[in-house]
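These are the residues of each chain, in order.
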Amino acid sequence: MPTYYTKDHEWIAVDGDTGTVGITDYAQSQLGDITYVDLPSPGATIGKGDAPCVVDSVKAASDVYAPVSGTVTEVNEALGDAPELVNGEAETGGWLFRLTLSNPSELDGLMDRAAYEAYVAGL
Amino acid sequence: MNAPNASGWRPAMGEGGEAPAILTVSGDRGLTLEEPLIFELGRPGTCGVDLDEPRGEIAPGLARFLRAEPPALPGLTEPETVRHYTRLSRQNYAIDLGPFPLGSCTMKHNPRLNEKVARLPGFADIHPLQPQHTVRGAIGVISELADWLVTLTGMAAVAMTPKAGAHGELCGLLCIRAALEARGDAREVVLVPESAHGTNPATAAFAGYRVENIPATADGRVDLAALTARLGPDVAAVMITNPNTCGLFERDMKAISDAVHAAGGLVYCDGANFNAIVGKVRPGDLGVDAMHINLHKTFSTPHGGGGPGSGPVVLSAALAPFAPLPFAMRGPDGIIRLVEEEDAPQHHPQSFGRMAAFHGQMGMFTRALTYILSHGADGLRQVAEDAVLNANYVLRSLEDVLDAPFGAAGPCMHEALFSDEGFAEGFSTLDLAKGLIDEGFHPMTVYFPLVVHGAMLVEPTETESKAGLDRFIASMRSLAARARNADPALKSAPHLAPRRRLDETQAARKPVLVQPQ
């Protein structure tokens, strides 16, 4: 399942026309302990660059930007009781929401793993 | 009554803490007082006041509301109650106890003269619905203060009613919306630079606008080229904080205003940091259309002084016709009057409405005017000069031990900004802030602004003397060295406060809001 990364530290794993979105391990390490995740509503239509999701940490509240456009199909309900999943498993069990991609060509502008790691190393 | 040594170190707190040499039975340690919750004190049924037995008949309609059982109130005598709150207050920190370097709240000294004047019965004991001829003095205070604010900012008018900074922002944006709609020009976007206050984008969204960010330059200021490139027929306004949250003056302010105006937009300035430029710079000369003034910051009585907020908004000639009621307006006779609904059709027909029920925050008006009159024009200028001088003294006294990301960008304004660059692995801004508590200081603003990693924002204001600043600087230098050298005791600070380091994560994730039975 190909995974793409943004400069704002979101990842999206794509399976057919479905994408699973989260924040990267680097992002969670910068935010510190996550205390609350404000998730979008299933059915919501979001555009690339919109902020459908907010992650609260002990340091700050941070927008999560949509890497691509689409319609939200599912959110990670487990985060309601256990926002710390985003700290412990940012790129697996701490996923935020799934969406149906409306314009898969938007993935072309994102980074692959190697490019993202090089980007983080330069920060 | 109290558990032995309920304050201070406990074994469960882990490494880095050392037990106090002497454990006390009371939990108090000398003059560091331990205090339980009020519900853990006293005896049910005890009452500090000798209340009369109810007399006469209870009205029939009320009888069914009689309590079957007395309410679960704490039962304390009067001296127990007084001691409870006095002991709690001993665990507090205040501007009257020591320096309070919190940038965003401007914890500056609150002159006692302000309090004396605000308590005069003619100001303190009046009601906003009193007939106007019985409160001419109070209205005179509002008018005279309005006059000072208009003069100090070089603007055309002022809306006095907003109750705090963000309320003032909303007032300013509603004026901008009304002005744009009056010319039939629906615009959707408000531009907010990264260096602006965090409330700005929230206000723009609340006023119905779409918010777009404008990046900052490497030296911490608005990127003029990026801003100019984004301007267009859809941009209603730009919201700029000046001096900005990096503690820097936006040198391109006039060029920004000119570009925004040329594109048909309006300029909102967040005046929360006006303290640094009062008497030195008039925002009206910089092309600003609306700016709120935090009376409770710039003109004393900060939150730490017990005052409520007050955020009058000064307006350019373009926006003045749309200001909310009641509206302070200078008549042809040179006197400023408050225009209310009954006079509005004649004097102020385009007002967008009201921001508050009455005239504004009267208690703050009397304090702010007292502050202004007791300082005079020369004193206000010196306030700005001393506040900036103090911040620069802190910046230059610490930049060899703490990273100052914009230190090379020239002098700062009211705030000195540092980052956690150079701290040992695993040591953070939070650790240094907690160490500052042990040193007897309130920590500075941390992790804001977001554009700086591990930000520490120190705003000493004009309140502090050089001796006071030197004490603070000595503590900060020591803490910076401990963070660089990975002192494990800093990681578990504070050690000397009534409570050790609190679990902020758990407090946010699983807050306990009800006293366990």
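Model, not experiment: these values are computed from the prediction.

Engineer: I tried to follow the overall build of chain B on my own but got confused; where do I start?
Structural biologist: A tally of regular secondary structure across chain B gives 15 helices and 12 strands. The C-alpha extent of chain B, read off along each of the three principal axes, is 75 × 70 × 40 Å. Within chain B, buried positions represent 42% of all 517 residues. For chain B, the proportion of contacts with a sequence separation of at least 24, taken over those separated by at least 6, is 72%.

Engineer: Looking at this model, I keep getting lost on the interface of chain A and chain B. Mind explaining?
Structural biologist: Interfaces are often sized by the accessible area lost when the parts come together. Across the contact, six residues belong to chain A and six residues belong to chain B. Counted by class, the side of chain A that touches chain B contains three nonpolar, one polar and two charged residues.

Engineer: Before we go on, may I ask you to explain helix 11 (residues 362-398) of chain B in this structure?
Structural biologist: Residues lying three or four places apart along an α-helix face the same way, a consequence of the helix completing one turn every 3.6 residues. In this model helix 11 of chain B runs just 41 Å from its N-terminal to its C-terminal C-alpha over 37 residues, more than 12% under the 54 Å that 1.5 Å per residue would give. The largest bend in helix 11 of chain B comes to about 100°, at Gly376 of chain B.

Engineer: It is not clear to me how the sheet that holds strand 12 (residues 456-458) of chain B should be interpreted in this structure. Could you clarify?
Structural biologist: In a beta sheet, neighbouring strands pair by backbone hydrogen bonds and run either parallel or antiparallel. Residue and element names in this part refer to chain B. Spatially, 10-12-11 is the arrangement adopted by the three strands of the open sheet, whose pairing is antiparallel. Both outer strands of the open sheet, strand 10 (416-418) and strand 11 (445-446), are each paired with one neighbouring strand and no more. Bridge analysis of strand 11 against strand 12 gives two bridges, and the strand direction is antiparallel. By the bridge assignment for strand 12, Thr445 is matched with Leu457.

Engineer: Sorry if this is basic, but what is going on with the sheet that holds strand 8 (residues 70-75) of chain A here?
Structural biologist: The six strands are arranged 1-2-3-9-8-5 (chain A) in an open sheet whose pairing can be described as antiparallel. Where the open sheet ends on each side, the last strands, each with one partner, are strand 1 (3-5) and strand 5 (45-46) of chain A.

Engineer: Help me understand the packing of helix 12 (residues 429-438) of chain B against helix 13 (residues 466-484) of chain B in this model?
Structural biologist: The axes of two packed helices give the description: the angle between them and the distance between them. Residues and elements named next belong to chain B. At a minimum axis separation of 10 Å, helix 12 and helix 13 run at an interaxial angle of 140°. In terms of their interaxial angle, helix 12 and helix 13 are classed as oblique. The interaxial crossing formed by helix 12 with helix 13 has right-handed handedness. For the pair formed by helix 12 and helix 13, the contact residues are Asp431, Leu432, Gly435 and Leu436 on the first element and Ser475, Leu479, Arg482 and Ala483 on the second. In terms of residue class, the contact of helix 12 with helix 13 is built from four nonpolar, two polar and two charged.

Engineer: Hey, could you run me through the UniProt feature "modified residue: N6-lipoyllysine" (unreviewed entry) in chain A in this one?
Structural biologist: UniProt's feature table lists "modified residue: N6-lipoyllysine" (unreviewed entry) at Lys59 of chain A, given in the numbering used throughout. Along the polypeptide, Lys59 of chain A turns up in the loop between strand 6 (53-57) and strand 7 (61-64). Overall, Lys59 of chain A belongs to the buried group, with 21 C-beta atoms counted inside 10 Å. For Lys59 of chain A, the residues in contact, after removing those within four places along its chain, are Leu31 and Gly32 of chain A together with Tyr447 of chain B.

Engineer: Which parts of the structure should I look at to understand the domain arrangement of chain B?
Structural biologist: All names here are of chain B. Its domain assignment divides chain B into domain 1 (113-368) and domain 2 (384-509). Averaged C-alpha coordinates put domain 1 and domain 2 at centres separated by 31 Å. Contacts between the two partners involve 18 residues from domain 1 and, on the opposite side, 15 residues from domain 2. A class-by-class count of the residues in the side of domain 1 that touches domain 2 yields eight nonpolar, seven polar and three charged.

Engineer: What's the story with the nonpolar core in this structure? I'm lost.
Structural biologist: Nonpolar side chains in soluble globular proteins tend to be buried together. Formed by 118 residues in total, the largest nonpolar core has its most connected members in Val158, Cys175, Ile176, Ala237, Val238, Tyr268 and Leu315 of chain B. Among the elements that take part in this core, helix 11 of chain B stands out by supplying 16 residues, more than any other. When residues of this core are assigned to domains, at least three map to each of domain 1 (113-368) and domain 2 (384-509) of chain B. Ignoring anything within four residues of it in the chain, the contact list for Tyr268 of chain B reads Gly172, Leu173, Ile176, Ala237, Val238, Met239, Asp289 and Ala290 of chain B. Counting residues in hydrophobic clusters, the runner-up holds 29 residues, among them Leu31, Ala66, Val68 and Val72 of chain A.

Engineer: Explain unusual backbone geometry to me, please; I cannot follow it from the model alone.
Structural biologist: Glycine aside, negative phi is the norm for most residues, and most peptide bonds take the trans geometry. All names here are of chain B. Along the chain, Asn242 connects to Pro243 via a cis peptide bond; the corresponding omega equals -5°. When you line up the elements, Pro243 lands in the loop between strand 4 (235-241) and helix 8 (253-262). In this chain, Leu325 is followed by Pro326 through a cis amide linkage whose omega measures -15°. Inspection of the secondary structure assignment puts Pro326 in the loop between strand 7 (313-315) and strand 8 (327-330). Here the phi dihedral of Thr461 falls at roughly 60°; this positive angle occurs in a residue that is not glycine. Here Thr461 shows up in the loop between strand 12 and helix 13. Of the residues examined, Thr461 has 26 C-beta atoms within 10 Å and is grouped as buried.

The rules behind these values
- Residues numbered from 1 in each chain as written.
- Chains lettered and ligands numbered in written order.
- Predicted model: local features only at pLDDT ≥ 70, side-chain atom pairs only at ≥ 80, totals over all residues.
- Helix = DSSP H or I, 4+ residues; strand = E, 2+ residues; numbered from the N terminus.
- Buried ≥ 20, exposed ≤ 12 C-beta atoms within 10 Å, placed from the backbone.
- Contact = placed C-beta atoms within 7 Å.
- Nonpolar A, V, L, I, M, F, W, Y, C, P; charged D, E, K, R; others polar.
- Expected span 1.5 Å × (residues − 1).
- Bend = angle between axes of the 7 residues up to and from the residue.
- Pairing = 2+ DSSP bridges.
- Axes fitted to C-alpha atoms, helices over the stretch in contact; angles between N-to-C directions.
- Parallel < 35°, antiparallel > 145°, perpendicular 65-115°, else oblique.
- Left-handed = near helix turned anticlockwise from the far one by under 90°.
- UniProt positions renumbered as here; feature names shortened; annotations may be inferred.
- Domains from an automatic or database assignment.
- Core = buried A, V, L, I, M, F, W, Y, C linked by C-beta atoms within 7 Å.

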